[in-house]
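Working through the structure, step by step
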Amino acid sequence: MITLHHLENSRSIRIIWVLEELGIEYDLKTYKRLPSGLAPPELKQVDKLGHAPILVDGSTSLSESGAIIEYLVSKYGAGNYTSPDDVFWKHYIEGSLMSFCVFKLVLSISIEKIPVLLRPVMAVVPRMILSQWVEPNLASAINVVENQLSNKQGWLVDGDSRGNPTISDFMLAFSVDVLVYGGRADNLGPGLQSYAQRLHQHPSYVKAIEKAGDYRYQKKEN
Ligand SMILES: N[C@@H](CCC(=O)N[C@@H](CS)C(=O)NCC(=O)O)C(=O)O
């Protein structure tokens, strides 16, 4: 039996989606973040890295969402859910796009935690890092994805031969949610916006969100 160790409001939604899309049976163990935003210490007892997601399949225990997705698709995907183009996107999404998303989130939160009266002085350095390094890099990473998605009606690399999402989409979904619904990115292009809408109507993704517990990265109902 497969067990997925999932942290609320996190990348581990990617793995819930893969499990739902591939129709794999699994146990879901959901953890809440500590008030600091970190994962609770119990996750370290499952895997020494202590980060979500962690997948346990019999005697195999894996962390790193990209590795878990590749493992599930190659073991349970019956040759589907892949495209030769995944090689670039799976690394670009986690290595470049997500890195700059995380830098932006961490620096923005740290600035917000500085008492308002002290911000003009104490926020000078984090604001400089944000404006000179993080934001330009994040904007160009977003642009790379937007260019790929513009004029597309389907998946990031057009799906597999049966029209299923591929590894690129399983990786991208969380980044799209953070960008489109996370409230910290302005002026996103129509490619990302419409991809987010399609994703949130895709049955297995809808199911993944239902199962994910607290998940703040979704369209707010008016
Ligand atoms: N590159 C890793 C990132 C793992 C990671 O940082 N997970 C976050 C959730 S999005 C986490 O566990 N955060 C809690 C913490 O840092 O304590 C992956 O793709 O799995």
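Residues numbered from 1 in each chain as written. Predicted model: local features only at pLDDT ≥ 70, side-chain atom pairs only at ≥ 80, totals over all residues.

1. Points about the overall build of the protein chain
The line we're drawing: Going along the chain from the N terminus, every DSSP run of H or I of four or more residues is numbered as a helix, and every run of E of two or more is numbered as a strand. For a compact globule the rule gives 2.2 Å times the number of residues to the power 0.38, and the radius of gyration it is set against comes from C-alpha atoms. Buried means a residue has 20 or more other C-beta atoms within 10 Å of its own C-beta, exposed means 12 or fewer, and partly exposed covers the counts in between; C-beta atoms are placed from the backbone. Two residues qualify as being in contact provided that their C-beta atoms, derived from the backbone, are within 7 Å of each other.
Each helix and strand counted, the protein chain has nine helices and four strands in total. Counting from the amino terminus, the protein chain carries its helices and strands in the arrangement β-α-β-α-β-β-α-α-α-α-α-α-α. A compact globule built from 222 residues would reach a C-alpha radius of gyration of about 17 Å, and the protein chain, at 18 Å, matches this within 12%. Overall, the protein chain is about 55 × 45 × 35 Å in size when its C-alpha atoms are taken along their principal axes. By the burial criterion, 31% of the 222 residues in the protein chain qualify as buried. Across the protein chain, contacts joining residues at least 24 apart in sequence account for 66% of those joining residues at least 6 apart.

2. Here we look at the UniProt feature "domain: GST N-terminal" (unreviewed entry) in the protein chain
To keep things clear, this is the line we draw: UniProt positions are given in the numbering used here, feature names are shortened, and annotations may be inferred rather than shown by experiment.
UniProt tags residues 1–80 as "domain: GST N-terminal" (unreviewed entry). Helix makes up 34% of residues 1–80 and strand 25%. Its end C-alpha atoms lie 22 Å apart.

3. Structural notes on the sheet that holds strand β2 (residues 26–31)
Put simply, the test is: Strands are labelled as partners when DSSP assigns at least two bridges between them. Think of each axis as a best-fit line through the C-alpha atoms, taken over the contacting stretch in the case of a helix, with angles from 0 to 180 degrees between the N-to-C directions.
Overall, mixed pairing links the four strands, which are arranged β2-β1-β3-β4 in an open sheet. Each having just a single partner strand, β2 and β4 (60–63) make up the two edges of the open sheet. When the angles between neighbouring strand axes are averaged without regard to direction, this sheet yields 15 degrees. Helix α1 (residues 13–22) rests against β1 (2–7), β2 and β3 (54–57) of the sheet, and its axis sits at about 145 degrees to β1.

4. Re the site of the ligand
This is how it is decided: By convention here, the C-beta atom is placed from the backbone, and a residue is near a molecule or strand when that atom is within 6 Å of it. Polar here means any residue outside two lists: the nonpolar Ala, Val, Leu, Ile, Met, Phe, Trp, Tyr, Cys and Pro, and the charged Asp, Glu, Lys and Arg; Gly therefore counts as polar.
Near the ligand, the surroundings consist of Leu 7, Ser 10, Arg 11, Leu 38, Ala 39, His 51, Ala 52, Pro 53, Glu 64, Ser 65, Gly 66 and Glu 94. Tallied by class, residues from the shell around the ligand come to five nonpolar, four polar and three charged.

5. Focus: the nonpolar core
Keep this limit in mind: The nonpolar core is taken to be a set of buried Ala, Val, Leu, Ile, Met, Phe, Trp, Tyr and Cys residues joined by way of C-beta atoms within 7 Å. Note that the domain bounds were set by an automatic or database domain assignment.
Core analysis: the largest hydrophobic core is formed by 49 residues, its most contacted members being Ile 15, Ile 16, Trp 17, Ile 69, Ala 173, Val 176 and Leu 192. At 10 residues, the largest contribution of residues to this core is made by helix α7 (residues 167–181). Each of two domains, domain 1 (2–76) and domain 2 (86–202), supplies a minimum of three residues to this core.

6. Remarks on the domain arrangement of the protein chain
As assigned here, the protein chain comprises domain 1 (2–76) and domain 2 (86–202). Computed over C-alpha atoms, the centres of domain 1 and domain 2 are 21 Å apart. Of the residues lining the interface, 10 residues belong to domain 1; the matching set on domain 2 comes to eight residues. Where the side of domain 1 that touches domain 2 is concerned, the elements lending two or more residues are α1 and α3 (65–76). The element best represented in the side of domain 1 that touches domain 2 is α1, accounting for five residues. Among the residues making up the side of domain 1 that touches domain 2, the classes are represented as five nonpolar, one polar and four charged.

7. So, the packing of α1 against α3
Basically, it comes down to this: Angle categories are assigned with fixed cut-offs, so that under 35 degrees is roughly parallel, over 145 is roughly antiparallel, 65 to 115 is roughly perpendicular, and the rest are oblique.
Packing of α1 against α3 leaves a shortest axis separation of 10 Å and a crossing angle of 10 degrees. Classified by the angle between their axes, α1 and α3 sit roughly parallel to one another. Note on element contacts: α3 touches α1 through Ser 65, Ile 68, Ile 69, Leu 72 and Tyr 76, opposite Arg 14, Ile 15, Val 18 and Leu 22. Of the residues that constitute the contact of α1 with α3, the class distribution is seven nonpolar, one polar and one charged.

8. Points about α1
Burial runs high along α1: nine of the 10 residues are buried. Contact partners of the buried residues in α1: β1, β2, β3, α3, α7 and α9 (203–211).

9. Describing unusual backbone geometry
Residues Ala 52 and Pro 53 are joined by a peptide bond in cis, for which omega reads 5 degrees. Positive phi is not limited to glycine here, since Ala 78 has a value of about 50 degrees. If you check the backbone angles, Tyr 81 has positive phi at about 70 degrees while not being a glycine. Assignment of secondary structure puts Tyr 81 in the loop between α3 and α4 (86–113). The class of Tyr 81 is buried, set by 24 C-beta atoms lying within 10 Å.

10. What to know about the packing of α3 against α7
To keep it simple, the criterion reads: Left-handed describes a crossing in which the near helix is turned anticlockwise from the far one by less than a right angle; the clockwise case is right-handed.
Taken N-terminus to C-terminus, the directions of α3 and α7 make an angle of 145 degrees; their axes are 10 Å apart at the nearest point. The chirality of how α3 crosses α7 is right-handed. Facing α3, whose interface residues are Gly 66, Ile 69, Glu 70 and Val 73, α7 presents Ile 167, Phe 170 and Met 171. Considered class by class, the residues forming the contact of α3 with α7 number five nonpolar, one polar and one charged.

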